[in-house]
Structure formats: C-alpha cells, structure tokens
Amino acid sequence: MSARIIGVVSTLICMTAAAGVQHAPSASSAATFTEQPGWGSWWDESWICRARVFIDNHLGDRLLTEFPIPIYVPYRDGMRPDFADIRFTDMEGRKALPYWLEEVVPSSHATAWVRVPEIPAATNVYLYFGNPDASSESDTRGYAELWEDFAADPLRGSGWTVYRHSGQGGLEGYWDPQGGHLYLTRPDRDLGASIFTDIDLRTLDGWLLTFDYLVGGGTGAEGFCAMFYKDEAPYSSGRPSSGNGLGFTEAEGGAISGYGVEFDARGGEGDPAMQHVALIKDRADNHLVTVGEGRVADGLWHNVELLHYRNQITLSLDQGVLFSHNLTSSGGDRDYGGLGFSGATGEHTNDHLIDNVTLRKWTEPMPSSLVGDTEGLYQTVVETSFGEIKALYR
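Residues numbered from 1 in each chain as written. Predicted model: local features only at pLDDT ≥ 70, side-chain atom pairs only at ≥ 80, totals over all residues. Heavy atoms only, no water.

### Some thoughts on the overall build of the protein
No. 1: Across its full length, the protein carries three helices and 26 strands.
No. 2: Within the protein, residue pairs in contact and separated by at least 24 positions form 72% of the contacts whose partners lie at least 6 positions apart.
No. 3: Of the roughly 16,900 Å² of accessible surface on the protein, 48% is carried by carbon and sulfur atoms. (Helix = DSSP H or I, 4+ residues; strand = E, 2+ residues; numbered from the N terminus. Contact = heavy atoms within 4.5 Å. Areas by Shrake-Rupley, 256 points an atom, 1.4 Å probe, with all protein chains shown as cover.)

### Some points on the environment of Ala-278
No. 1: Mapped onto the elements, Ala-278 comes out in strand β17 (residues 276-281).
No. 2: Ala-278 sits 14 residues away from Gly-292 along the chain, and the two C-alpha atoms are 8.6 Å apart.
No. 3: Here Ala-278 is in contact with Gly-260, Val-261, Glu-262, His-287, Val-289, Thr-290 and Phe-323, once residues within four sequence places are set aside.

### With respect to the sheet that holds strand β6 (residues 99-105)
No. 1: Pairing in this open sheet of three strands is antiparallel, and the strands run β4-β7-β6 from one edge to the other. The sheet is open, and its two edges are formed by β4 (64-74) and β6, each paired on a single side. Shown here is a sheet whose adjacent strand axes are inclined to one another by a mean of 20 degrees, direction ignored.
No. 2: For β4 and strand β7 (residues 109-119), the ladder comprises ten bridges, and the chain directions are antiparallel. (Pairing = 2+ DSSP bridges. Axes fitted to C-alpha atoms, helices over the stretch in contact; angles between N-to-C directions.)

### Re the pairing of strand β22 (residues 338-344)
No. 1: Most of β22 sits out of view: seven of its seven residues are buried.
No. 2: For strand β13 (residues 192-197) and β22, the ladder comprises five bridges, and the chain directions are antiparallel. Paired with Ile-195 across the two strands is Phe-341, which belongs to β22.
No. 3: For strand β15 (residues 223-230) and β22, the ladder comprises seven bridges, and the chain directions are antiparallel. Within β22, the position partnered with Gly-223 by the bridge is Ala-344. (Buried < 20%, exposed > 50% of the residue type's maximum accessible area, 1.4 Å probe, protein only.)

### Describing the pattern of salt bridges
No. 1: In total, this model carries 15 salt bridges according to the counting rule given.
No. 2: In this structure, Asp-285 and Arg-283 form a salt bridge, with 2.9 Å as the shortest nitrogen-oxygen distance.
No. 3: Among the ionic pairs, Asp-318 bridges to Arg-295, the shortest N-O distance being 3.4 Å. You can see Asp-318 sitting in the loop between β20 (312-317) and β21 (320-326) and its partner Arg-295 sitting in the loop between β18 (283-292) and β19 (302-309), a full 23 residues away along the chain.
No. 4: On the basis of relative accessible area, Arg-295 is assigned to the partly exposed category, the value being 27%. (Salt bridge = Lys/Arg side-chain N within 4 Å of Asp/Glu carboxyl O.)

### Considering the environment of Gly-179
No. 1: Along the chain, Gly-179 falls in the loop between β11 (172-176) and β12 (181-185).
No. 2: When its relative accessible area of 37% is taken as the criterion, Gly-179 is described as partly exposed.
No. 3: Between the alpha carbons of Gly-179 and Ala-151 there is a distance of 8.2 Å; along the sequence they are 28 residues apart.

### Quick word on the side chain of Glu-262
No. 1: Counting through the fold element by element, Glu-262 comes out in strand β16 (residues 259-264).
No. 2: We note that Glu-262 is buried and unpaired, the nearest opposite charge coming from Arg-283 at a distance of 10 Å.
No. 3: A polar contact of 2.9 Å, which involves the side chain of Glu-262, links it to the side chain of His-276. (Lys, Arg positive; Asp, Glu negative; His and termini not counted. Polar contact = N/O pair within 3.5 Å; in protein donor to acceptor, adjacent residues only side chain to side chain.)

### Points about the sheet that holds strand β5 (residues 87-89)
No. 1: Strand order in the open sheet made by the four strands is β5-β8-β3-β24, with antiparallel pairing throughout. The open sheet terminates on both sides in strands that have one partner only, identified here as β5 and β24 (368-376). Here the strands of the sheet are splayed against their neighbours by 30 degrees on average, with no regard to which way each runs.
No. 2: Pairing between β5 and strand β8 (residues 122-129): three bridges, direction antiparallel. Counterpart to Phe-88 in the pairing with β8 is Leu-127.

### A closer look at the environment of Pro-74
No. 1: Along the chain, the position of Pro-74 falls in strand β4.
No. 2: As for Pro-74 and Ser-107, which are separated by 33 residues in sequence, their C-alpha atoms are 8.5 Å apart.
No. 3: Sequence-distant contacts of Pro-74, that is, excluding residues within four places in its chain, are made with Met-79, Phe-83, Ser-108, His-109 and Val-371.

### Observations concerning the confidence of the model for the protein
No. 1: Mean pLDDT over the protein works out to 85, with 83% of the residues at or above the 70 mark.
No. 2: Segment residues 1-13 is flagged for pLDDT under 50; beyond a separation of four residues in sequence, or across chains, it makes 29 contacts in the model.
No. 3: For the stretch residues 15-39, pLDDT sits under 50, and the model shows 48 contacts to residues farther than four places along the chain or on other chains. (pLDDT = per-residue confidence, 0-100.)

As structure tokens, then:
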C-alpha cells in the first residue's frame, strides 16, 4: 500500500535562494511538478521567505490598537546573520510595520518590538526575511509613543516645550550638541527649568516611561523630577521654581496640580536621608512615598523605569524596584495629561542631565507571540509514487 506523505521543505530552499541560487527539485520519471502561488499576498518579492507570527492578546475581547509587542525571532537559514533583512507586515501581508531590534545575537536570535495596528483576542502578522542585500530598518521612534535620544535639538520643533526660571538658555533647559544630552540645569545658583512633551498621557490606558539621568559636578544639591499627569498651563503664564521647589512648582511657591517622582539631593524635615527618591503630588514637599537613595547624585548614569498601569505606579532604578504605590489612595486624579521633566538648583548646585527618554504603551499581561513555519515565495507540489510532497522554492 502506498503512503501519502505531505511535507514542507523550506529551510534549504530559502537558504540557497537568499544566497542568489535558483533552486528547484530535479524532475524524474516518478515525479511531476506543479507551480502554485504562495499563500496570501506577498509583500515584496525581494524577500523570498516569510513566517507567520501568531499573537495572543490574553485579554479576551479587549482590543489593543497601535500596540508594541516583543517578538522573539530565532535565526533561520536564509536570514542575514545580523537580522538586518527582517521585516514585519500586517496580517494581509501588504503594509510594513514599524519595529525596533532591542537585542541581536548574530546567527542565533533577535528580539524585535513591533507596533501592531490591531490586536483582538488573537491575530497574526508576517515576518519576512531572505534578502541578502537589505539593510536594517530598525527604528526606536517607530514602535514607541516617544523616543528621544537628544541627538538633535529637542527644543526646535520636535514636540518639546521648555520653561525657564531665569531665562538663561545656556544654563537652564540647555541642549548639549556635543554630548547629545539635555541639561535641566548647569551647576550654577538659583536655576530652574521645566520641559514638557506634547503627549497627553490621558490617551493611554497604561504606559512605561524609561530614561537615563546623571546628577553631579556641583556643590551637591538640589534635584530634578519626572512629571506625569501634570498641569502645564501655569508654566506658560509664569515661571518654574528654583531651589527646593525643583521646578515642579511655581516660582512664587504655588502648587501646580499633578504627580512627579523627585530625585532630591538635599533632604528636608521628615525625609529618611539627605539623598532620596519620592513620589510627590502638586508640591515638591508633598511626599506620598519616600525612599533614601544614594544614587541620586553620584555623578554616574542611571536608568529609571516608571510604570503606570491600572492606577498603580511602580518605580525601578537600575532594574531594581524602589517602590510601588496605588494612586487611588491619594486621589488618583488624572485631570491633566502633561508629561515632562523639571530640575533646579538653589544655594547649592549640580548638573542635572537626562537622556534616552522612551514612552510606550503597556498592558498586563503583555501579548505573547510565536513565529511559525517558514513559507517560500512559490509553492511546488511534487507528485511521486510515494505520495505528494510540497516544497517551497524561489
């Protein structure tokens, strides 16, 4: 009795095609060949291999839109070893999707963040590869709501607005074109600055803000803040504070509605340590949570992750959680959508620098993904005396 064998042979075929070799099975008296078009719409015939990526939302009927998800991409024959040829498209295989390669281990695997237009309970996108002449199109700005590395002046039409206490552009809210950093303050006395993005946080259900900071180079005080759900309007008609107001309040000392995380190098009454990190509301001295922290002003670069999801704020410093707090217990109001940074000096001074600011959407649990089998640009059906074998070739 003859057996019916159906298999998909793609690894060797995509590998040889990507190397520029035209490959097809050789005919024999026992086999016939029928060329058929590949499955679905093919995005670009310069890419001769693709794989379907299956995405699970985990949230039932809750639709996620324009949402970035991580996709683990194992290396496959036909790919460039540096993963520069990988591309992602929508489920119809027609529209290229923005992506960013967070990690690349040559000839092993890569982790890509891909911005997917819609994710219902389950969906899929396509991973394309097999173009040896392609260059990488990985771009941080495409997948996230905000990515700012300060390589160019952020204060010239790129969605940032700066407010200065004394109006000294070289000392407050200063962009360094040589180092590619933003100085909230230089180490001079009685300075203050507040800088806002044009993003309204109220449009996001959950979000993750990450940034790097360095504080030091002066006589050892005051500090800076990351501001969220903050009212920006009072800054446009007034000035941010200097000194222990940290630019978070008005110059005259008045409160400005909104939240912030302060990195303060000079402790006050009730603070657990001279250097501390605190969750604050409306005023710099209104602490909801306070943690003593010696990395506030040590002259080194540090990374911060500030996560907001379902009214819970979690702050991590250098991948370690410092605190978590439910904003509902402190009012939980989100009347304003301002997102930005502030910093100040008083009698004592420091440089306050920020860099590599990223904001992206967040949900829990995050959608999961799995890369499926490789498909080729053309499908060939081989009829043999043993049955039918499907092979893919270019």
